[in-house]
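# Architecture at a glance
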Amino acid sequence: MTRQTTRYTAFTFRPVDPPADGELLHRWVTHPKAAFWMMRDARREDVERAYLEIAADRHHHALLGLRDGEPAFLMEKYDPAHRELTGLYEPEPGDVGMHFLVPATDTPEHGFTRAVITAVLAHLFADPAAARVVVEPDVRNKAVHALNAAVGFEPLREIEKPEKRALLSVCTRERFRAATGAVA
């Protein structure tokens, strides 16, 4: 478990335990506000199976972000040379792919999602081998594009993935520092 602190809150990270976390993840990824996660119609067993596959994959990892010991968000990191973006762009040494999901809530907290993405990037850049974080959100997800820009992501181009048209974007350690003032 690792700890990342932002000016808003402190988070810890732990690996997803698919059987133990299955119900929670199912609730999060099937919520209408998680439409871009593309699991709206998944059954609990489908979600558990997907995260068991990730747990068994050396190129893909799922982590829960905890706030005060309670699950607060989901983060996936992957090697884009081997997962998600294989053949869709030229990976560079030190590239790390990332997805994150802040679950829907009845009591939104101003700045929370930005605190989450800042902590996620700080966590990824804590690895000295990480040079760039690579993301590929749906081109229609304007909210995440604005959030990505706020923490230093630079759009490269649109790409066609089997499940969506995506905006390939990258964030270097230097751009992240400049955008957020975070230590990375």
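Residues numbered from 1 in each chain as written. Predicted model: local features only at pLDDT ≥ 70, side-chain atom pairs only at ≥ 80, totals over all residues. Heavy atoms only, no water.

So, about the overall build of the protein chain. Along the backbone of the protein chain there are five helices and eight strands. For 184 residues, the compact-globule estimate of 2.2 N^0.38 gives 16 Å, and the protein chain sits close to it at 15 Å. In terms of its C-alpha atoms, the protein chain occupies a principal-axis envelope of roughly 40 × 35 × 30 Å. The buried share of the protein chain, reckoned over its 184 residues, is 49%. The long-range fraction of contacts in the protein chain, counting pairs at least 24 apart against all pairs at least 6 apart in sequence, stands at 59%. (Helix = DSSP H or I, 4+ residues; strand = E, 2+ residues; numbered from the N terminus. Rg over C-alpha atoms; globule rule 2.2 N^0.38 Å. Buried < 20%, exposed > 50% of the residue type's maximum accessible area, 1.4 Å probe, protein only. Contact = heavy atoms within 4.5 Å.)

Attention shifts here to helix H2 (residues 44–55). Between its first and last C-alpha, H2 extends 16 Å over 12 residues, near the 16 Å set by a 1.5 Å rise per residue. Elements in contact with the buried residues of H2: helix H1 (18–30), strand S3 (60–67) and strand S4 (70–78). (Expected span 1.5 Å × (residues − 1).)

In this section: helix H4 (residues 142–150). Taken as a whole, H4 has its buried residues at Val144, His145, Leu147 and Asn148. When H4 is viewed along its axis, its buried side chains cluster within an angular range of 165° and face the same direction. Looking at H4, the residues exposed on the side facing more than 90 degrees away from the buried face are Lys142, Ala143 and Ala146. Where H4 is buried, its residues meet strand S5 (95–101), helix H3 (112–125), strand S6 (132–135) and strand S8 (165–172). (Arc of directions from axis to C-beta.)

Turning to the side chain of Lys161, a few remarks are in order. Take Lys161: it is sitting in the loop between strand S7 (154–160) and S8. For Lys161, the side chain forms a polar contact with the side chain of Glu163, separated by 2.9 Å. Aside from chain neighbours lying at most four places away, what touches Lys161 is Glu84, Leu88, Glu136 and Ala166. (Polar contact = N/O pair within 3.5 Å; in protein donor to acceptor, adjacent residues only side chain to side chain.)

The subject of this paragraph is the pattern of salt bridges. Going through the model one piece at a time under the given rule, you end up with 17 salt bridges. Put simply, Glu84, Glu136, Lys161, Glu163 and Lys164 are held in one network by salt bridges that share partners. (Salt bridge = Lys/Arg side-chain N within 4 Å of Asp/Glu carboxyl O.)

On to the packing of H3 against H4, then. One can describe the packing of H3 onto H4 by two numbers: an axis separation of 10 Å at closest approach and a directional angle of 55°. Classified by the interaxial angle, the pair formed by H3 and H4 is oblique. You can see that H3 and H4 cross each other, and the crossing is right-handed. Counted together, Thr113, Arg114 and Ile117 of H3 and Leu147, Asn148 and Ala150 of H4 form the full contact between these two elements. In terms of residue class, the contact of H3 with H4 is built from three nonpolar, two polar and one charged. (Axes fitted to C-alpha atoms, helices over the stretch in contact; angles between N-to-C directions. Parallel < 35°, antiparallel > 145°, perpendicular 65-115°, else oblique. Left-handed = near helix turned anticlockwise from the far one by under 90°. Nonpolar A, V, L, I, M, F, W, Y, C, P; charged D, E, K, R; others polar.)

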